[in-house]
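Take a look at the letters that make up each chain.
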Amino acid sequence: MFFIGKKMIKKFLLSILLVNFFSSNSFAEEKKSTDADKPNIILGGFFDTEYNFPLGKDIFFDQRRIGVKLKGNFNKRLSFNTQVELEHGGLWDGNKDGEIKVNKAFLDFKLFDWLGFRSGVFLLPLGNTNLLYDPSKRETTSLSLFSRYMVPAAWIEPGLGFFGEVSPTNTWKIKYDFYVTQGLTDDIDDEEGLKDSKPFLFNDNNNNKALSGKVSFIPFNNLEVGLSTYFCKFDKNNDKYLGMGVGDFKYTLGDLELLGEGSFVSITPAEVKDNNGKVVAIVKGPMFGYTLETRYRLRPEFLKMSFLGKDFEKPTITLFGRFDQTDGDMTILNQYDKLQGTIGFNYRPIESVAFKFEYQHNINTEALIRNDSTKQKLGNQLIGSVAVGF
């Protein structure tokens, strides 16, 4: 990720205005011409702000993220995608958590109907959530433990590779992605898993590159099953490896959705160092984590007659529940092993705008297994948010 000063922020905001101006002109030109090779620029983005109510602690608001997306379709075979995001209010004096970062910037070149080439910075095809990072498309506000520590969203890496899909029968569809990318660093620990090991976009800590891939099977429209893998050497000496397998599924039955993801990570024992470079722990692995979620969308007629749904054609309420677990080192039972349950609902006056409310219950696995309440360190919280996609 990139950390940028005030001057760069001004340039960034100016660039958004310029992109908006030129994109408007490009749309106008596109309408006047039927030439397929004329560039077509699409501008979009997303926004969400969160309201956090941790029980027994201070309440706080978080301007979680605002992102700008730009897609340029040069013709039916060439396209460019980019996304720049400001998190936690961006950068300003005293805000150590704010940042500006590139979440994707890549060129797609369609070689055949069934195969395309991709180069740049992109989201790795590991599981489902990492590819659907836009907060307006998620039903929950919070990411699962799985998507924070095991396959940490948004997991992006620079690299290149191939993608595509085929339809062997009228009902079956198979999608696939295979990439060579930068690879993780050695900043791996039991507490936060792989969260801090995502690589820099501008250099690498070794001479080894990562291999990743995903194959998704869609036997019919309401079921998708995916299998992903990732392999790299993560230390400076190219001696230590990490191998990951990920499975995911999504099943839809009318307004009911069931989905889940799980991963198993095998690693060479990794040293955990403090700020002074002193080794304070060893992560032996393996790691594992999973998340299971169910959703049910309601379309009650009374919504259209209420102040909430008036003037909206298809307002909806979605009920959801989620359960997830992570373990950053299965050889030891400690305070970093976590369980989490989340229940809540959201209201969407239109599909791309969501008002979300949820309760999150956290359990230290050690406290549960040992039946020892003194081991319970994690707290519970209420969370609300507003998410917008455009």
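Residues numbered from 1 in each chain as written. Predicted model: local features only at pLDDT ≥ 70, side-chain atom pairs only at ≥ 80, totals over all residues. Heavy atoms only, no water.

1. Description of the pattern of salt bridges
Right, on to step 1. Tallied over the full model, the rule gives 19 salt bridges.
Right, on to step 2. The salt bridge involving Glu224 is made with Lys175; its shortest N-O contact spans 3.6 Å. Of the two residues, Glu224 is situated in strand E9 (residues 223-233) and Lys175 in strand E7 (residues 173-181); the sequence distance between them amounts to 49 residues.
Right, on to step 3. Among the ionic pairs, Lys250 bridges to Glu257, the shortest N-O distance being 3.7 Å. (Salt bridge = Lys/Arg side-chain N within 4 Å of Asp/Glu carboxyl O. Helix = DSSP H or I, 4+ residues; strand = E, 2+ residues; numbered from the N terminus.)

2. Some remarks on the confidence of the model for the protein
Any region with low pLDDT has predicted coordinates that should not be read closely.
Right, on to step 1. Confidence in the prediction of the protein, expressed as mean pLDDT, is 87, and 89% of residues score 70 or more.
Right, on to step 2. Across residues 1-6 the pLDDT falls below 50, and counting only partners more than four positions away or on other chains, this stretch makes 14 contacts in the model.
Right, on to step 3. Note on residues 8-34: pLDDT is under 50 here. Beyond four places in sequence and across chains, it has 19 contacts. (pLDDT = per-residue confidence, 0-100. Contact = heavy atoms within 4.5 Å.)

3. Some thoughts on the nonpolar core
Right, on to step 1. One finds Trp155, Leu194, Tyr230, Leu242, Met244 and Met287 to be the most contacted residues of the largest nonpolar core, which totals 27 residues.
Right, on to step 2. Listed by contribution, the elements that provide at least two residues to this core are helix H2 (145-150), E9, strand E10 (241-253), strand E11 (256-267) and strand E12 (270-273).
Right, on to step 3. When residues in this core are grouped by element, the largest group, 4 residues, is from H2.
Right, on to step 4. Discounting chain neighbours no more than four positions away, the residues touching Trp155 are Phe122, Leu123, Leu124, Leu126, Asn130, Met150, Leu184, Leu194, Lys198, Tyr230 and Met244.
Right, on to step 5. Core analysis: the second largest hydrophobic core is formed by 9 residues, Val102, Val121, Tyr133 and Leu201 among them. (Core = buried A, V, L, I, M, F, W, Y, C linked by side-chain atoms within 4.5 Å. Buried < 20%, exposed > 50% of the residue type's maximum accessible area, 1.4 Å probe, protein only.)

4. What to know about the environment of Gly262
Right, on to step 1. Summarising the element assignment, Gly262 is placed in strand E11.
Right, on to step 2. Separated by 29 residues in sequence, Gly262 and Thr291 place their C-alpha atoms 6.4 Å apart.
Right, on to step 3. Residue contacts for Gly262: discarding those within four places in its chain leaves Phe146, Gly245, Val246, Gly247, Gly289 and Tyr290.

5. A closer look at unusual backbone geometry
Right, on to step 1. Looking along the chain, the bond that leaves Ala153 and enters Ala154 is cis, with omega of -5°.
Right, on to step 2. Structurally, Ala154 can be placed in the loop between H2 and strand E6 (156-166).
Right, on to step 3. In this structure, the amide linkage connecting Gly285 to the following residue, Pro286, adopts the cis form with an omega of 5°.
Right, on to step 4. Tracing the chain through its elements places Pro286 in the loop between strand E13 (279-283) and strand E14 (287-298).
Right, on to step 5. Of note in this structure, Asp311 is not a glycine but carries a positive phi near 75°.
Right, on to step 6. The exposed category is assigned to Asp311, whose relative accessible area is 72%.
Right, on to step 7. Positioned with a positive phi, Asn371 is a non-glycine residue whose angle comes to about 55°.
Right, on to step 8. Note that Asn371 resides in the loop between helix H4 (365-370) and strand E18 (381-389).

6. A word on the packing of aromatic side chains
Right, on to step 1. Under the definition given, this model contains 12 aromatic pairs.
Right, on to step 2. An angle of 25° between the planes, with centres 6.3 Å apart, marks the rings of Tyr347 and Phe355 as stacked.
Right, on to step 3. Looking at Tyr347, the relative accessible area reads 8%, which means it is buried.
Right, on to step 4. Phe355 sits in the partly exposed class, given a relative accessible area of 33%.
Right, on to step 5. Linked through ring pairs, Phe106, Phe122 and Tyr179 together constitute an aromatic cluster.
Right, on to step 6. Looking at Arg118, its charged tip hangs above the ring of Phe163, at a distance of 4.3 Å from the centre.
Right, on to step 7. Above the ring of Tyr149, the side-chain terminus of Lys338 is found at 4.6 Å from the ring centroid. (Phe/Tyr/Trp six-rings, centres within 6.5 Å; stacked < 30°, edge-to-face > 60°. Lys NZ or Arg CZ within 6 Å of the ring centre and 35° of its normal.)

7. Points about the pairing of strand E15 (residues 316-327)
Right, on to step 1. Counting buried residues in E15 gives 10 out of 12 residues, a clear majority hidden from the surface.
Right, on to step 2. Alignment of E14 against E15, held across 11 bridges, turns out to be antiparallel. Within E15, the position partnered with Gly289 by the bridge is Thr326.
Right, on to step 3. Pairing between E15 and strand E16 (residues 338-350): 11 bridges, direction antiparallel. By the bridge assignment for E16, Gln325 is matched with Leu339. (Pairing = 2+ DSSP bridges.)

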